[in-house]
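# Descriptive structure summary
For reference, the chains in residue letters:
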Amino acid sequence: MAEKMRGEASSSSRGRGETLIVDHGRRKSTCGYCKSGSNTSLAHGLWAHSITVDDYQELLDHGWRRSGSFLYKPEMERTCCPSYTIRLKADDFVPSKEQVRVSKRMQKFLDGTLNAQNLDQFKDNPNSAKALDSSLSNASSSVMVSESVRKESSSGNCEEKHQSEQYMHYLSNKIDNAVSACIEKGEFPSDIKFPKAIVKKVAPQVKKKLTEISGDLLYTSSVPFQIAAALKRSLSAEKTSLQLGLLRNVETQNWQSLELSPKAVAEKLACSLDQQGELSNLSTKASNGHLNFFLNSNQIGSNEVHVSVNASAVSTEGSGANANHGCLLNSSECPHKRRKLEIRLKRSSFDPEEYELYKRYQIRVHNDKPDQVKESSYKRFLVDTPIIFVPPSGDGTVPPCGFGSFHQQYVIDGQLVAVGVVDILPKCLSSKYLFWDPDLAFLSLGKYSALREIGWVKETQVHCSSLQYYYLGYYIQSCSKMRYKASYRPSELLCPLRYQWVPFDIARPLLDKKPYTILSDFATVQIGTSSPSDVPENSTEQQYIDLDQEDQIEDFSDEDEEMEIDFESSERTPGYDSGPETSTIASVDELKAVDVSNIVLDLNGARVKLKDLQRVFNLIEKRHIDLLELQLQRYKKVVGAGLSDRMIYSL
């Protein structure tokens, strides 16, 4: 009757292992999208020891996702932010103008025509991508005009340019340190993600306009304006929360009275920089909200000495991991140097280099503190996987890489710049997470990696005809940062009740009216007389791409990550309930009608069906059997009859 457990044993019809569910329950947590309060995000959860690619594909097509070995599905009718699975058929994909620009921008960077000056302009205004790409389109003529000058100036001017760029990076780091110092002193709040500083060299024509400023102005930064805007946004949100009685934050009350103008912020940062010292050849002044750096009077006329001396400080500050980033960003300066991009697909496993990149990404992009980024949580979130690897078969049913969980590495000139965490399944590539080098935010690596992953699906169909779709995770209408997914067209959303796929152009007006909608009820509704493919490109792109660009202005981020809640970081916390309770899906009376007698249970390696449990283990009390039966009925209701009868449930 009972048989021993074999985690990798072949028990399915396709010989791909077996699915072993360790536990299930409901998860309550603070929403990572709307931040509306505690326990407003509700989801069903499964802890999986192992799962076949076929079973996980079926779970995806029933609204599930995974975070490490934890599988979860939003309680769509009750959760604060209903999340709809979204997918795209790779062969039907039509890139938008913005997506084409992203590809061209990367190509310019690889060609070496995207230089540090273009980079600074873009970082100052991430919404000016069109202007940037327009300027890059003229790069060839600019290079031709300046080629004779480059030859005459020889390597001396080239080295000076490189050192100047290094020094601007050095000053940017100093400003960031000044911001941190203001936070430590309580002058700025600690719970706000402030933008990173950008320092620019002042052009001669600009100096002439600044007649009211005396001295030799070399560099300037406008970051106080961005910091002041971030403070005002946060203060407005905090005041709203206080009025609603949702917040009792002493720190907020302490800085509400602070002067939030760019001028006041610039003065605080200038004072902090003076206290840091170490800028012996420069003096710092705050002027109308700008941070300006002047060459000291005893250094005027000796710019070469100034740059050379401080370049040594830059090399010390930028030693280690950051030293290579400067080379990567500036290698196009003198002369144009082509860069080499490699994309490597490897099975999910811990890689120290990937973890170091992840730490930098979390600290600089998500403003995590260094002690908050732990190797153990990283492994649980992005390395651990229950999906059983299926090797290539050579018969056209499995791609050359196999099925399973993978890390797709993006490497430029030998330097790891991004990692995409993906699952490759019988019908799709499912994109789970992406982290990238913060120094290369201007490349929009999130958009670029999505385009490459869509291209990978197209190419792989030659080897595995069933693999046709690209799954982008969850689409959340109420979260502006998640709406970008609709820009990959034509996409489909999964109906949360009947699990039918509905074109996004039909679903969108329904979700505009109501966050939770049974989409399949309207699947036959047509928008006017147009099919989804006939809808003008800008009807979707304007609504969703523009919102995403507004997010970029705040933090130079991109739609690069799924923003999933790290469920496994708080394993079996009080928010995770696996015990009996009245089901939210159906009443107890309705659940009693669900037949669970054939569900296979695992008891310390022994396998037995529920209907045989009492006979095999006759010492179990009936009340315990009744509680287990109710738990399994809720489990079957959530995962479906087919999967629950096929998967093994571990006690």
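Here we summarise the structure given alongside this text. Just so we're clear, the structure is a prediction, and the values are computed from it rather than from any experiment.

On to the overall build of the chain, then. The number of helices and strands found in the chain is 20 helices and 20 strands. Counting across all 651 residues of the chain, residues that qualify as buried make up 51%. Looking at the chain alone, contacts between residues at least 24 apart form 70% of all its contacts between residues at least 6 apart.

The 4 strands lie next to each other as β6-β7-β9-β8, forming an open sheet whose pairing is antiparallel. Here the strands that pair on one side only, and so sit at the sheet edges, are β6 (200–201) and β8 (282–287). In this sheet, strand β7 (residues 216–221) lies alongside β6 in antiparallel orientation, the contact comprising 2 bridges. By the bridge assignment for β7, K201 is matched with Y219.

With that settled, consider the sheet that holds strand β12 (residues 415–424). Taking strand neighbours across the sheet as the criterion, the 8 strands line up as β10-β11-β12-β13-β14-β5-β15-β16 in an open arrangement whose pairing is mixed. Two strands in the sheet have a free side with no partner beyond their single neighbour: β10 (341–347) and β16 (501–503). Strand after strand, the sheet turns through a mean of 35° between neighbouring axes, direction not considered. For strand β13 (residues 428–436) and strand β14 (residues 469–475), the ladder comprises 3 bridges, and the chain directions are parallel. Its bridge partner being in β14, L429 is matched across the sheet by Y470. Each of β11 (404–412), β12 and β13 touches helix α13 (residues 375–383); the most contacted strand, β13, lies at about 155° to it.

It is worth spelling out the packing of aromatic side chains at this point. For the coordinates displayed, the defined rule picks out 20 aromatic pairs. Taking the centre distance of 5.4 Å and the plane angle of 80° together, the rings of Y358 and F435 count as edge-to-face. Of this pair, Y358 sits in helix α12 (residues 352–365) while F435 sits in strand β13; the two residues are 77 residues apart in sequence, bridging distant segments of the chain. For the residue pair Y358 and F435, the accessibility class agrees, reading buried in each case. Among the aromatic residues, those joined into a cluster by ring pairs are F350, Y355, Y358, Y378 and F435.

Of the consecutive residues R489 and P490, the connecting peptide bond is found in the cis state with omega at -5°. Note on placement: P490 falls in the loop between β14 and β15 (491–494). Within the chain, N367 stands out as a residue other than glycine whose phi angle is a positive 65°. Summarising the element assignment, N367 is placed in the loop between α12 and α13. Judged by relative accessible area, N367 falls into the partly exposed class, the value being 33%.

Where burial is concerned, most of strand β4 (residues 70–74) is hidden: 5 out of the 5 residues are buried. Of the two faces of β4, the one lined by F70, Y72 and P74 and the one lined by L71 and K73 are each fully buried. Sheet topology places strand β2 (residues 41–50) next to β4; 5 bridges connect them, and they run antiparallel. Each bridged residue has a counterpart across the sheet, and for L46 the counterpart in β4 is L71. Two elements, strand β3 (residues 65–67) and β4, share 3 bridges in a ladder whose sense is antiparallel.

To continue, consider the state of the cysteines. Taken as a whole and assessed by the stated rule, the structure comprises 0 disulfides. For the unlinked cysteine C271, the closest cysteine sulfur is that of C182, found at 8.0 Å.

Over its 15 residues, helix α9 (residues 262–276) extends 21 Å from the first C-alpha to the last, a length consistent with the 21 Å expected when each residue adds 1.5 Å. Within the span of α9, buried status applies to P262, A264, V265, A266, L269, A270, S272 and L273.

In terms of strand pairing, strand β5 (residues 84–89) meets β15 through 3 bridges, oriented antiparallel. Across the sheet, the residue bridging to I86 is L493, located in β15. For β15 and β16, the ladder comprises 3 bridges, and the chain directions are antiparallel. Paired with L493 across the strands is V502, a residue of β16. In sequence, β15 turns back onto β16 through a hairpin of 6 residues, with Y499 there showing a positive phi of about 55°.

Now for the side chain of Q99. Looking at the element boundaries, Q99 is found in helix α2 (residues 97–111). Aside from chain neighbours lying at most four places away, what touches Q99 is F93, V94, L451, S487 and Y488.

With that settled, the discussion passes to the nonpolar core. Ranked by size, the top nonpolar core spans 70 residues in total, and within it Y488, L493, L519, L601, L632 and Y635 carry the most contacts. Judged by nonpolar contacts, the second largest core, of 33 residues, contains F381, Y410, V421 and L434.

Time to look at the pattern of salt bridges. Proximity of charged atoms lets side chains of opposite charge pair with each other. If you walk through the whole model with that rule in mind, you get 24 salt bridges. As a salt-bridge pair, R615 and D612 come within 3.3 Å of each other at their nearest N and O atoms. With relative accessibility at 56%, the residue R615 sits in the exposed group. By relative accessible area, D612 is classed as buried at 13%. One salt-bridge network, held together by shared partners, links R360, R364, D437 and D439.

Looking now at the packing of α2 against helix α14 (residues 445–460). Packing of α2 against α14 brings their axes to within 9 Å, and their N-to-C directions diverge by 100°. Between α2 and α14, the angle is such that the two are roughly perpendicular. Residue-level contacts link E98, Q99, V102, S103 and M106 of α2 to L445, K447, Y448 and L451 of α14.

Moving on: the environment of Y499. Tracing the backbone through its elements, the reader meets Y499 in the loop between β15 and β16. Along the primary structure Y499 and T85 are separated by 414 residues, whereas in three dimensions their C-alpha atoms are 9.8 Å apart. Side-chain polar atoms of Y499 contact the side chain of K73, separated by 2.5 Å.

What counts and how
- Residues numbered from 1 in each chain as written.
- Predicted model: local features only at pLDDT ≥ 70, side-chain atom pairs only at ≥ 80, totals over all residues.
- Heavy atoms only, no water.
- Helix = DSSP H or I, 4+ residues; strand = E, 2+ residues; numbered from the N terminus.
- Buried < 20%, exposed > 50% of the residue type's maximum accessible area, 1.4 Å probe, protein only.
- Contact = heavy atoms within 4.5 Å.
- Pairing = 2+ DSSP bridges.
- Axes fitted to C-alpha atoms, helices over the stretch in contact; angles between N-to-C directions.
- Phe/Tyr/Trp six-rings, centres within 6.5 Å; stacked < 30°, edge-to-face > 60°.
- Disulfide = S-S within 2.5 Å.
- Expected span 1.5 Å × (residues − 1).
- Core = buried A, V, L, I, M, F, W, Y, C linked by side-chain atoms within 4.5 Å.
- Salt bridge = Lys/Arg side-chain N within 4 Å of Asp/Glu carboxyl O.
- Parallel < 35°, antiparallel > 145°, perpendicular 65-115°, else oblique.
- Polar contact = N/O pair within 3.5 Å; in protein donor to acceptor, adjacent residues only side chain to side chain.

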